[in-house]
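Working through the structure, step by step
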Amino acid sequence: MCAYSVFNTFPVYPLSAKPLILLAFCRYRYHTSLFNRPGWSELLERIENGEVATLIVKDMSRLGRDYLKVGFYTEVLFVEKGVRFIAINNGIDSVNQQDSDFTPFLNIINEWYAKDTSKKIRAVMKSKGEAGEYLCTNPPYGYRKDPENKKGWIVDEEAAEVVKRIFALCLDGYGPSQIARILKENKIITPTIHFQRAGRVIRNQLPNNPYHWKSETVADILERPEYQGHTVNFKTYKQSYKSKKTCYNPKEKQLVFENTHEAIIDADTWERIQELRKNKRRPTRTGKTNMFSGIVRCADCGEKLYYCTSKNFEARQDHFVCSTSRRKGKEVCPTHFIRAVVLEQGVLAHLRLVISCVANHEEQFRKAMGAKQKAEAKKELTAKRRQATQAERRIEELDRLFKRIYEDNANGKLSDSRFQMLSDDYEQEQKELREKLLRLNEEITKQEEQAENIDRFIGKVRKYLDLEELTPTILNDMVKAVYVHAPDKSKGYREQQIDISYDLVGIFPASLLNSLQNGETA
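First, a word on what this report is: a plain description of the structure on this page. These numbers come from a predicted model, not from an experiment.

Reading the values: the criteria
Residues numbered from 1 in each chain as written. Predicted model: local features only at pLDDT ≥ 70, side-chain atom pairs only at ≥ 80, totals over all residues. Heavy atoms only, no water. Core = buried A, V, L, I, M, F, W, Y, C linked by side-chain atoms within 4.5 Å. Buried < 20%, exposed > 50% of the residue type's maximum accessible area, 1.4 Å probe, protein only. Helix = DSSP H or I, 4+ residues; strand = E, 2+ residues; numbered from the N terminus. Contact = heavy atoms within 4.5 Å. Pairing = 2+ DSSP bridges. Axes fitted to C-alpha atoms, helices over the stretch in contact; angles between N-to-C directions. Phe/Tyr/Trp six-rings, centres within 6.5 Å; stacked < 30°, edge-to-face > 60°. Lys NZ or Arg CZ within 6 Å of the ring centre and 35° of its normal. Parallel < 35°, antiparallel > 145°, perpendicular 65-115°, else oblique. Nonpolar A, V, L, I, M, F, W, Y, C, P; charged D, E, K, R; others polar. Expected span 1.5 Å × (residues − 1). Polar contact = N/O pair within 3.5 Å; in protein donor to acceptor, adjacent residues only side chain to side chain.

**A few points about the nonpolar core**
Membership of the largest hydrophobic core comes to 41 residues, with the highest contact counts inside it found for Phe 292 and Phe 457. If one sorts the elements of this core by residue count, helix α11 (residues 340-360) sits on top with nine residues. In contact with Phe 292, not counting residues within four places along its chain, are Phe 320, Leu 343, Glu 344, Val 347, Leu 470, Leu 475 and Val 482. By size, the runner-up hydrophobic cluster in this structure holds 30 residues, among which are Val 162, Phe 167, Leu 183 and Trp 270.

Okay, structure coming up:
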């Protein structure tokens with residue numbers, strides 16, 4: 001007796017020259033990938049080789065629910081290969097053509113059933129997703145199911161430490177490939193091996209090397225918003241229940257539910273990592289890298305500055321050059337050249353100055369950045385929200401009033417001229433209220449974001465009050481971009497301006513820093 005993954009087949013060996021007969025009974029309920037299963041492929045191969053004389057199934061739905069494919073096999077392939085087809089429960093036998101007249105309709109009904117089931121499942125998943133429930137069967141690496149609440153996630157401490165390390169290495173300037181190599185060298189087991197040891201069912205093939213991390217795995221971890229404590233639903237979809245291809249929804253079609261589980265990575269770090277991931281840094285042929293690669297840009301054309309080094313260069317000789325002037329010539333963009341050591345010294349000095357000014361003159365800094373003091377800002381936001389609520393209620397009230405005067409006009413209680421005058425007034429008032437509501441909401445959002453960004457930046461400053469050395473982690477955490485201007489030699493010596501754009505607050509004008517140093521309010 002031969003065993004297949006989809007079929008149990010029983011070979012019957014005849015006494016005379018009769019052909020070999022295989023009786024096949026489908027054991028599993030049909031799903032869309034049935035015709036791609038190894039068991040079915042092996043059976044087709046035997047049919048092609050002329051080893052099958054009769055194929056018997058319990059009913060048509062057990063053969064398949066795709067009426068086009070089922071029709072091809074029963075009406076074309078089996079006929080060409082001389083295979084007798086029998087569906088017991090449907091009373092179908094290909095030898096008796098009259099029994100097969102209704103077969104195409106059975107196939108269509110079977111497919112309709114599969115389609116209807118898919119539609120119901122999609123509706124259930126849509127309802128769950130919109131309610132904020134997790135749609136994935138298993139939580140991502142770093143989390144596990146809560147034993148006390150199967151619908152909840154809790155932090156998997158062992159895996160969470162690896163996730164934190166991956167984000168820290170990225171903040172240090174390492175890319176996914178480099179991080180994967182570091183994890184492999186440190187003998188950190190891969191997520192698949194971790195899941196297996198935790199007792200989770202594994203569908204992927206286990207790697208030969210339990211420490212063999214892939215760059216794709218690292219990149220996927222770095223891009224997962226779930227590590228901020230959020231649930232993200234409808235990230236993917238399938239175009240049809242027949243298709244196995246996974247398509248990705250744009251962000252505007254995804255639903256994000258914040259703070260549904262404990263965060264492993266804070267929001268600031270995650271957002272900064274996404275910014276860094278946009279600027280890919282490739283090691284030079286010498287294998288040397290620089291923490292400013294991908295961050296330093298030309299102040300004139302905005303393009304990146306290439307990191308130039310050599311095995312024969314001393315540290316003081318490593319430098320950055322504008323990619324535009326190097327590729328297209330000095331006529332397009334003047335040469336922007338700066339030595340790496342000078343760049344590091346200048347940024348470190350400016351960073352120390354900013355940290356000192358902000359830490360010692362916090363309130364002046366808030367005012368200078370256009371932010372209100374906390375108590376004042378809270379009071380102003382409350383007043384604006386109250387105005388917005390009043391505008392919304394008045395808009396709803398005007399809708400009810402318009403409906404009432406329309407009914408009065410239709411019943412003859414209100415003249416046409418009076419109705420027209422009132423409706424024009426109501427429409428005008430509604431238009432003004434909607435414009436006011438839109439403006440208020442924009443002001444509220446802007447003020448909230450500004451206040452939040454400044455608070456977050458001050459929080460970063462407090463982490464580096466005793467800054468002595470510039471590291472990739474500190475640079476990537478604090479600085480978004482460094483803009484290098486063309487050198488000025490008009491005074492007989494080289495003078496070069498550098499603008500530093502800080503994360504969350506942008507470029508600090510020189511006047512602002514001077515006023516903060518002097519204890520003044522800008």
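The rest of the description comes next.
**Section: the sheet that holds strand β17 (residues 479-484)**
The four strands lie next to each other as β13-β17-β18-β19, forming an open sheet whose pairing is mixed. Two strands lie at the open edges of the sheet, namely β13 (296-298) and β19 (506-507), each paired on one side alone. One ladder, built from three bridges, connects β13 with β17; its direction is parallel. Counterpart to Arg 297 in the pairing with β17 is Tyr 483. Sheet strands touched by α11: β13, β17 and β18 (498-502). Its angle to β18, the strand with the most contacts, is close to 55°.

**Observations regarding the packing of aromatic side chains**
Taken as a whole, this structure holds 17 aromatic pairs when the rule is applied. Both rings, one in Phe 365 and one in Phe 457, keep their centres 6.1 Å apart while their planes meet at 35°; by these two values the pair is tilted. Of this pair, Phe 365 sits in helix α12 (residues 362-368) while Phe 457 sits in helix α14 (residues 416-463), and the two are 92 residues apart along the sequence. On the accessibility criterion, Phe 365 (0% relative accessible area) is buried. Take Phe 457: its relative accessible area is 0%, and that puts it in the buried class. For the cation-ring pair, Arg 200 lies above Phe 195, with the distance from its terminal atom to the ring centre recorded as 3.8 Å.

**A few points about the packing of helix α5 (residues 157-171) against helix α8 (residues 215-222)**
Packing of α5 against α8 brings their axes to within 10 Å, and their N-to-C directions diverge by 90°. Viewed along their axes, α5 and α8 adopt a mutual orientation that is roughly perpendicular. Seen from α5, the contacting residues are Val 163, Ile 166, Phe 167 and Cys 170; seen from α8, they are Val 218, Ile 221 and Leu 222. When the residues that make up the contact of α5 with α8 are grouped by side-chain class, the tally is seven nonpolar, no polar and no charged.

**Quick notes on the sheet that holds strand β15 (residues 319-322)**
Taken in spatial order, the three strands of this open sheet run β14-β15-β16, and their pairing is antiparallel. With one partner strand each, in any of the chains shown, β14 (305-308) and β16 (337-339) form the two edges of the open sheet. The mean inter-strand angle of the sheet, taken between neighbouring strand axes irrespective of direction, is 25°. Sheet topology places β14 next to β15; four bridges connect them, and they run antiparallel. The residue of β15 that forms the bridge with Cys 308 is His 319.

**Focus: helix α9 (residues 267-278)**
An ideal rise of 1.5 Å per residue puts 16 Å on twelve residues; α9 measures up with 17 Å between its terminal C-alpha atoms. Within α9 the residues assigned to the buried category are Asp 268, Thr 269, Trp 270, Arg 272, Ile 273, Gln 274, Leu 276 and Arg 277. Near the N-terminus of α9, the side chain that reaches the backbone nitrogen of Asp 268, with its oxygen 3.2 Å away, is that of Asp 266.

**A short note on the pairing of β18**
Regular strands show a simple pattern: their side chains alternate between the two faces of the sheet. Extensive coverage of β18 is indicated by the burial of four of its five residues. Two strands pair when backbone bridges link them, and β17 and β18 are joined in this way by five bridges, in the antiparallel orientation. Residue pairing across strands places Val 482 opposite Ile 500, the latter belonging to β18. Across two bridges, β18 lies against β19 in antiparallel orientation. Paired with Tyr 502 across the strands is Gly 506, a residue of β19. Once β18 ends, the chain turns through three residues before running back antiparallel as β19, passing Leu 504 with a positive phi of about 80°.

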